[in-house]
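Next come the chains, spelled out residue by residue.
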Amino acid sequence: MAIARNETSPLFADSALGTLKLTFYLTVAIVLMIADHRGGYIEHVRGTLSTAIEPVYRVAALPAQLGHDARLALADRRRLAEENAELGRKLMLADAALNRYASVEEQNQRLQRLLDVQHSLGLSAQLARLVEVDPGPFHRRIVLNVGSNDRVTVGQAVIDATGVMGQIVETLPHTSTVMLITNPSQAIPVAIERTGLRTIAKGGSNADTLELPTIPISADIKIGDRLITSGLGGVYPAGFPVGEIRAISNDASGLFAAAVAAPSASLDRSGEVLVLHQIYDAIGPPDLAPAFGPPANLAGDAEPIKAGKP
Amino acid sequence: MNRSRAHSVLFWGSLVLCYVLQLMPLPPTLLPFKPFWLALVVIYWSLEAPERVGLGLMFVLGLIGDVLGGELLGEQAARLCVLGFIVLRFRARLRFFPMWQQSIAVLALLLNDRIFLLMIHAFAGDPLPPPTFWLAPVTGALAWPWLFLLLDDLRARLRTHDA
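From a predicted model like this one, the values you see are computed outputs, not experimental measurements.

**With respect to the overall build of chain B**
Reasoning step 1: Helices and strands together make up the secondary structure of chain B, namely 7 helices and 0 strands.
Reasoning step 2: Taken from the N to the C terminus, the helices and strands of chain B come in the order α-α-α-α-α-α-α.
Reasoning step 3: When contacts within chain B are restricted to residue pairs at least 6 apart in sequence, long-range pairs at least 24 apart make up 67% of them.

**Some remarks on the interface of chain B and chain A**
Reasoning step 1: If you look at the interface, chain B gives 37 residues, while chain A gives 39 residues.
Reasoning step 2: Looking at the side of chain B that touches chain A, the elements that each hand over two or more residues are α1 (2–23), α3 (55–69), α4 (75–89) and α6 (99–124) of chain B.
Reasoning step 3: The residue makeup of the side of chain B that touches chain A, split by class, is 27 nonpolar, 4 polar and 6 charged.

**Here we look at unusual backbone geometry**
All names here are of chain A.
Reasoning step 1: With a phi angle near 65°, R151 is a residue other than glycine that sits in the positive phi range.
Reasoning step 2: Looking at the element boundaries, R151 is found in the loop between β2 (141–144) and β3 (157–160).
Reasoning step 3: With 12 C-beta atoms counted inside 10 Å, the residue R151 sits in the exposed group.

**Looking at the sheet that holds strand β11 (residues 257–263) of chain A**
Residues and elements named next belong to chain A.
Reasoning step 1: Strand order in the closed barrel formed by 6 strands is β6-β7-β8-β11-β10-β9, and the pairing between neighbours is antiparallel. Strand-to-strand, the axes of this sheet are offset by a mean angle of 40°, without reference to chain direction.
Reasoning step 2: Across 2 bridges, strand β7 (residues 198–203) lies against strand β8 (residues 210–215) in antiparallel orientation. Among the inter-strand pairings, K202 is bridged to a residue of β8, identified as E211.

**Observations regarding the packing of α3 of chain B against α4 of chain B**
Residues and elements named next belong to chain B.
Reasoning step 1: One way to put it is that α3 packs onto α4 with a least axis distance of 7 Å and a crossing angle of 150°. Classified by chirality, the crossing of α4 by α3 is right-handed. For the pair α3 and α4, the contacting residues are L55, M58, F59, L61, G62, L63, G65 and D66 in the first and E75, Q76, A77, R79, L80, C81, G84 and F85 in the second.
Reasoning step 2: Residues belonging to the contact of α3 with α4 are distributed by class as follows: 9 nonpolar, 4 polar and 3 charged.

**Some words on the confidence of the model for chain B**
Reasoning step 1: Chain-level statistics for chain B give a pLDDT mean of 89 and a share of 97% at 70 or above.
Reasoning step 2: Note on the complex model: pTM 0.61, ipTM 0.80.

**Regarding the sheet that holds β2 of chain A**
All names here are of chain A.
Reasoning step 1: Reading across the sheet, the 6 strands line up as β1-β12-β3-β4-β5-β2 and stay open at both edges, with antiparallel pairing between neighbours. Both outer strands of the open sheet, β1 (125–129) and β2, are each paired with one neighbouring strand and no more. Here the strands of the sheet are splayed against their neighbours by 35° on average, with no regard to which way each runs.

**Remarks on the nonpolar core**
Reasoning step 1: Core analysis: the largest hydrophobic core is formed by 88 residues, its most contacted members being V164 and V275 of chain A together with V42 and C81 of chain B.
Reasoning step 2: Looking at this core element by element, the count peaks at 10 residues for helix α2 (residues 37–48) of chain B.
Reasoning step 3: Sequence-distant contacts of C81 of chain B, defined by excluding residues within four places in its chain, comprise L22, Y25, L26 and A29 of chain A together with L55, M58, F59 and G62 of chain B.

**Describing the packing of α2 of chain B against α4 of chain B**
All names here are of chain B.
Reasoning step 1: With their axes 10 Å apart at the nearest point, α2 and α4 run at an angle of 30° to one another. Accordingly, the angle class assigned to the pair α2 and α4 is roughly parallel. Of the two possible hands of crossing, α2 and α4 adopt the one that is right-handed. Mapping the contact onto sequence places L38, A39, V42, I43, S46 and L47 in α2 and L80, L83, G84, V87 and L88 in α4.
Reasoning step 2: Taken together, the residues of the contact of α2 with α4 break down into 9 nonpolar, 2 polar and no charged.

**Observations regarding the pairing of β7 of chain A**
All names here are of chain A.
Reasoning step 1: With 5 bridges connecting them, strand β6 (residues 187–192) and β7 associate as antiparallel partners. For A187, the partnering residue across the bridge sits in β7 and is K202.
Reasoning step 2: Connecting β6 to the antiparallel partner β7 that follows it, the hairpin turn spans 5 residues, and G196 within it adopts a positive phi of roughly 85°.
Reasoning step 3: In this structure, the hairpin formed by β7 and β8 is closed by a connection of 6 residues.

What counts and how
Residues numbered from 1 in each chain as written. Chains lettered and ligands numbered in written order. Predicted model: local features only at pLDDT ≥ 70, side-chain atom pairs only at ≥ 80, totals over all residues. Helix = DSSP H or I, 4+ residues; strand = E, 2+ residues; numbered from the N terminus. Contact = placed C-beta atoms within 7 Å. Nonpolar A, V, L, I, M, F, W, Y, C, P; charged D, E, K, R; others polar. Buried ≥ 20, exposed ≤ 12 C-beta atoms within 10 Å, placed from the backbone. Pairing = 2+ DSSP bridges. Axes fitted to C-alpha atoms, helices over the stretch in contact; angles between N-to-C directions. Left-handed = near helix turned anticlockwise from the far one by under 90°. pLDDT = per-residue confidence, 0-100. Core = buried A, V, L, I, M, F, W, Y, C linked by C-beta atoms within 7 Å. Parallel < 35°, antiparallel > 145°, perpendicular 65-115°, else oblique.

Now the structure itself:
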């Protein structure tokens, strides 16, 4: 019966029709890929389908969530069981209770540091947690549990207590995606803290380093120099730690020096991050002066020359 | 009617589970070992129930995978179509291979898929991926016998249950 079905269906016979179908689908897929690469339509599609996508993310994150809760509940159960044990195990009991409190205290300290950053800089910021979902291993993005319903918009900077993490690239109603600074298509304007030299740090092929590709060979730069954001470009506020230089060498063409830096934020470990609310004005040349020319009451018939006209 | 509905539940349920598994987080050291679950399940259903699976369905499944996973729109669709075309073309032979030979065939298909993905990344201008990029086909080929036996067992149970 299977053989008869094979012969009646044209796809499975060795005919040109099967290859034609494949060529058609591959062409459509390649056109879609090119359109998405240039036009970024996938964000529109995901925004429209957000009601269907977000439950899948929640379901996929459930096992990790249950694991965390179970670990906490097990700690409670172990403490009660050991309290009922014999007297000789009091020291071990005290140690077990201390371990549990130590982890809670560590989380408390982390949250305190984040709050300090928020207060000391006087910035309006929002606390967010990571959703435990892996959106693609080679694209270095993370997913947060705040979205457009929490007034998060595309382009906001994301930091943790020790450094800059990245930028929001996509928002759904209750989740948003952050592109980390180690993503190859992300570049962040930095300055060397010691000398003030301004340059650009890009993500590279290695998942946990930043690359600084074009540094003048005569520049004063040493291993161990700390990088901070320079504030140019208007995305990240100035003065935030970005990373530390680990290696300096000549780049492939020999015309410039290239450096490799390690980011100072814990890009793979943070559980809580801050989303900065303000989008800063770009620091750049001042706007052109408005129309110049003779005063209006002396102008006569000619119109004043407006700036910008050829 | 009951029988075909139960089979439909198994078919669509296994496909939906693929997407959830693809999104599942893993410790960072284990992340490169995550196999392409969608390809494995589509290979299984192409071998066992080809009347349900056609190139069009594979294209749509790949698109859904793209939308969920946040990659270039159309990338998984193209990969799945290429993979599925090869499987459907050689289905008559693949179906009766012994299990170890099938695993090697699955390894070859997944390696081909990785090469295709590398090509797409190169055209998109991304840098070369690290060497751990090539680990996923190996775990996929290792997972294939278990997946095959599991789904076969479930299908056999449904058949005897109705019989």
